[in-house]
Amino acid sequence: MQRRSPGNNYTHPGIYHITITISDRKAQSLGRVTGDLQYPDRHPDAPKVELSVIGKMVKYELLHSISYHYPFIEVQDYIIMPEHMHFILNVKNSIISKNGRMTHLGQIIAGFKNGCNRRYWGITGQKEVAAKPLPTTSAPTPSASSASSPSSVAGGFATSAPVSGAKKSRFSSGRPPLFSQGYVDVIPLKDGQLETQRAYIHANPRNRLLRTTNRTDLFPQRKTIDTLVTLPALKGYLVKEHALTENDTTTWEMLKIRLMVDNLHITCDSYGSLTLLSKRLLPVVCHRNDLRFFAKHKDACLTAAAEGAVLVSARIARGEQDIIDEVIALGYPVILISDNGFPVIYHPSEARLGLCASGHMLLVTPWSYQYRHNNQEITVAECKTMNCIAQALCHTKDNWWK
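Treat the numbers as computed from the prediction; the structure is a model and nothing was measured.

Rules of the game
Residues numbered from 1 in each chain as written. Predicted model: local features only at pLDDT ≥ 70, side-chain atom pairs only at ≥ 80, totals over all residues. Heavy atoms only, no water. Helix = DSSP H or I, 4+ residues; strand = E, 2+ residues; numbered from the N terminus. Buried < 20%, exposed > 50% of the residue type's maximum accessible area, 1.4 Å probe, protein only. Contact = heavy atoms within 4.5 Å. Expected span 1.5 Å × (residues − 1). Arc of directions from axis to C-beta. Polar contact = N/O pair within 3.5 Å; in protein donor to acceptor, adjacent residues only side chain to side chain. Core = buried A, V, L, I, M, F, W, Y, C linked by side-chain atoms within 4.5 Å. Salt bridge = Lys/Arg side-chain N within 4 Å of Asp/Glu carboxyl O.

Trainee: Explain the environment of Asn 90 here, please?
Mentor: Note that Asn 90 resides in strand E5 (residues 84–91). Residue classification places Asn 90 among the buried residues on the basis of a relative accessible area of 16%. Not counting residues within four places of it along the chain, the set of residues in contact with Asn 90 comprises Gly 14, Ile 15, Phe 72, Ile 73, Glu 74 and Gln 76.

Laid out in structure tokens, this is it:
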């Protein structure tokens, strides 16, 4: 809940996809997912969220309070789920509070939460107890680095905090807040990304219902696959592939930190139907030296898929993407090696979720999860490691098509 886009000025105009979560999922719920997966969207019985009293209050605050205090901010697409919510904010001007001070997105979110808290405490009948002083902190300055900082509060909504750097004490009412601290924002910068975010928001109820009716395949399964690859064997492979030198201890140590190892073997988490592992498996790895033979390589892969083989790939090189994407388009199943681990709450894209639900895709990963920015590229050693895992799962070398 503290992820920020590096270099972005959160006082400036922009479009933000915001995610916030409630603080105690067991104690409170904003609603429940109902409906039937067989019905299309906009049908009365399609998957949807029936909001609780608390959820209806949150919806009212979202659609009225933010625009009331900041008329230049438009709340666009939104969804309120039982334990979290998504909404898109269109900030049309630089964020200036009513008292004329420059403020930032974090103040807006904090003010919205504060208004929800007051109404939540009123609905649940929670009375204020003796205030407890919290640690003093310097007041935030309106910059990207302070976007998640606590805000000063007036009239139930956040106002801009002083920027003089003077220290001030904050106090807790002793009542549990409705929402957890912080928020996640996604800034859609690339072509089509905003529409993708809108579709993701509206698909939340359907995807939730899909996952809860298929918990085995549509939740991350931990250490389900033993690759039989030992760390010494992997190191030898990487040296042979010129992705690692014998004396490059730094790269090797970083790999070992990220890889999951159990009983001396590299293991993989999975997401999707493990029954695909029982099929004939063939790795898809495209090397630069074989570029002139790509047509032959692709034809061999498509023929094998048509004959019942399941293709396994990290889908990194352009040729691998071309082959795997066409195989998927033709309706054949695939196994993909993910370049990152699965977090506790993991949601693949809507397309991949559907393929996993139908038994046409299995996602596997040898990596423990780590948060990475979109512009953070994977290393050659990591790419080669995934190629090694693909071949290990298939018990077949990547030159089989020759």
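There is more to say after this.
Trainee: Quick question: what am I supposed to make of helix H7 (residues 318–329) here?
Mentor: Along an α-helix, residues three or four positions apart point the same way, because every turn accommodates 3.6 residues. Taking 1.5 Å of rise per residue, twelve residues should cover 16 Å, and H7 covers 16 Å from first to last C-alpha, within 8% of that figure. Those residues of H7 not exposed but buried are Gly 319, Glu 320, Ile 323, Ile 324 and Val 327. All buried residues of H7 lie within an arc of 120° about the axis, which places them on one face of the element. In H7, the exposed positions that point more than 90 degrees away from the buried face belong to Arg 318 and Ala 329. Elements that come into contact with the buried residues of H7 comprise helix H6 (294–306), strand E17 (310–313), strand E18 (334–337) and helix H9 (380–394). Gly 331 lies just past H7 and shows a positive phi near 90°.

Trainee: What is the right way to look at the side chain of Arg 175 in this model?
Mentor: Residue placement: Arg 175 occurs in the loop between strand E11 (171–172) and strand E12 (184–186). In this structure the side chain of Arg 175 is engaged in a polar contact, spanning 3.2 Å, whose partner is the backbone oxygen of Gln 126. Among residues more than four places away in sequence, those in contact with Arg 175 are Trp 121, Gln 126, Lys 127 and Glu 128.

Trainee: Can you help me understand the nonpolar core in this one?
Mentor: Counting residues in hydrophobic clusters, the biggest one holds 32 residues, and the most contacted among them are Val 58, Leu 178 and Phe 179. Within the residue set of this core, elements represented by two or more residues are strand E1 (14–21), helix H1 (53–69), strand E4 (73–80), E5 and helix H2 (105–124). Here the element with the most residues in this core is H2; it accounts for seven residues. Not counting chain neighbours up to four residues away, the residues in contact with Val 58 comprise Leu 30, Ile 80, Met 85, Phe 112, Cys 116, Leu 178 and Phe 179. Among the nonpolar cores identified, the runner-up in size contains 30 residues, and Ile 225, Val 229, Ile 266 and Leu 362 belong to it.

Trainee: How should I be thinking about unusual backbone geometry in this particular structure?
Mentor: Most peptide bonds are trans, and most residues other than glycine sit at a negative phi. For Arg 42, which is not glycine, the phi torsion reads 80° and is therefore positive. Turning to its location among the elements, Arg 42 is positioned in the loop between strand E2 (31–34) and strand E3 (48–51). For Lys 223, which is not a glycine, the phi torsion comes out positive at approximately 50°. Tracing the sequence through the fold places Lys 223 in strand E13 (residues 221–230). A relative accessible area of 46% means that Lys 223 is categorised as partly exposed.

Trainee: Just checking my understanding: could you explain the pattern of salt bridges for this structure?
Mentor: Under the criterion given, the structure shown has 15 salt bridges. Between Arg 119 and Glu 61 there is a salt bridge, with the nearest N and O atoms lying 2.3 Å from each other. With a gap of 58 residues between them, Arg 119 in helix H2 and Glu 61 in helix H1 connect regions that are remote in the sequence. A relative accessible area of 42% means that Arg 119 is categorised as partly exposed. Asp 269 is paired through a salt bridge with Arg 222; the nearest N and O atoms lie 3.0 Å apart. Within this pair, whereas Asp 269 is found in strand E15 (residues 265–272), its partner Arg 222 is found in strand E13, the two being separated by 47 residues in sequence.

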